[in-house]
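Tertiary structure, described
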Amino acid sequence: MFNSILMEVAGLPIFGAALGAGVVALGAGLGIGKIGSSAMEAIARQPEAGSKIQTAMIIAAALIEGVSLFGVLICLIIATA
Amino acid sequence: MFNSILMEVAGLPIFGAALGAGVVALGAGLGIGKIGSSAMEAIARQPEAGSKIQTAMIIAAALIEGVSLFGVLICLIIATA
Amino acid sequence: MFNSILMEVAGLPIFGAALGAGVVALGAGLGIGKIGSSAMEAIARQPEAGSKIQTAMIIAAALIEGVSLFGVLICLIIATA
């Protein structure tokens, strides 16, 4: 005898979407935080290179921002679909 | 024999929304905290570069703030939908 | 054969709201704690830059405070809804 049970948990996708949005923001926070932290120390060490460091910081942070906004958007689509 | 069980756990999406909002704020706190912490030390090391450091700090922190506010907004949408 | 089970875990949303509010406060505490800690050490190292450091400290802490207040507000809405 072989029993196959398909168990569908109704709220699970939305649960995952909300938790996923949180984990996305956790990653973005840790990543951009680390970039920003190093940028502060770099500007303090070489104030005359401040504008160069700031430009590089924004580029690196924007890359994390891009993936993160896409990630939370996917979570929003899953939650509302 | 094939059994399909739909198990609906009533509060699961809302549970996820609340937990997700918490994880979003955890990420924002850790990230902006790290940036702010380094900014303090950077200004102390080079007080004359204080305005440059503060500008870069606000830019980096605002990027985290952006994703985080979007993240908690998604959690709010999920919770009230 | 199709079985539909509605399993209602009565306190699940409120459990999530309370846990979420806790995680929000954990993030805010760690983040603002890190900023405040560094500000103390920074002012001790450069007392004459104390006002600059304090301004930057308040800005960075206020950004965390913003997300956190929004996060605990969502948890409050979930808990009382």
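Residues numbered from 1 in each chain as written. Chains lettered and ligands numbered in written order. Predicted model: local features only at pLDDT ≥ 70, side-chain atom pairs only at ≥ 80, totals over all residues. Heavy atoms only, no water.

Together, Phe70, Leu73, Ile74, Ile77 and Ile78 of chain A line one region of the surface with nonpolar side chains, adding up to about 460 Å² of accessible area. The topology assignment puts Phe70 of chain A in helix α2 (residues 50-80). (Patch = residues over 30% accessible without salt bridge, like charges linked within 9 Å, V, L, I, M, F, W, Y side chains within 5 Å. Areas by Shrake-Rupley, 256 points an atom, 1.4 Å probe, with all protein chains shown as cover. Salt bridge = Lys/Arg side-chain N within 4 Å of Asp/Glu carboxyl O. Helix = DSSP H or I, 4+ residues; strand = E, 2+ residues; numbered from the N terminus.)

We now examine the interface of chain B and chain C. At the junction of the two partners, chain B supplies 48 residues and chain C supplies 47 residues. Taking both sides of the interface into account, the surface hidden between chain B and chain C amounts to around 4000 Å²; carbon and sulfur atoms contribute 77%. When the area that chain B buries against chain C is broken down by residue, the three leading residues are Phe15, Met40 and Ala44 of chain B, summing to 14%. Inspection of the chain B/chain C interface yields zero salt bridges. Where chain B meets chain C, there are four residue pairs in polar contact (both at pLDDT 80 or more). Residue assignment for the side of chain B that touches chain C shows that the elements contributing at least two residues are β1 (2-9), α1 (12-45) and α2 (50-80) of chain B. Among the elements that make up the side of chain B that touches chain C, the one with the highest residue count is α1 of chain B (24 residues). (Contact = heavy atoms within 4.5 Å. Buried area = accessible area lost by both parts, 1.4 Å probe. Polar contact = N/O pair within 3.5 Å; in protein donor to acceptor, adjacent residues only side chain to side chain.)

To continue, consider the environment of Ala62 of chain A. Inspection of the secondary structure assignment puts Ala62 of chain A in helix α2. When the C-alpha atoms of Ala62 of chain A and Lys34 of chain A are compared, they prove to be 13 Å apart, with 28 residues separating the residues in sequence.

Another point: the UniProt feature "domain: V-ATPase proteolipid subunit C-like" (unreviewed entry) in chain A. Under the UniProt annotation, "domain: V-ATPase proteolipid subunit C-like" (unreviewed entry) lies at residues 15-78 of chain A. The span residues 15-78 of chain A is 94% helix and 0% strand, and its two end C-alpha atoms sit 10 Å from each other. (UniProt positions renumbered as here; feature names shortened; annotations may be inferred.)

Moving on: the packing of aromatic side chains. Tallied over the entire structure, the rule returns two aromatic pairs over all chains. With 5.6 Å between their ring centres and 10° between their planes, Phe15 of chain A and Phe15 of chain B make a pair best called stacked. With one member in each of two chains, Phe15 of chain A in helix α1 (residues 12-45) and Phe15 of chain B in helix α1 form a pair that bridges those chains. The pair Phe15 of chain A / Phe15 of chain B is uniform in exposure class, with both members buried. Three or more aromatic residues joined by ring pairs make a cluster, and in this case those are Phe15 of chain A, Phe15 of chain B together with Phe15 of chain C. (Phe/Tyr/Trp six-rings, centres within 6.5 Å; stacked < 30°, edge-to-face > 60°. Buried < 20%, exposed > 50% of the residue type's maximum accessible area, 1.4 Å probe, protein only.)

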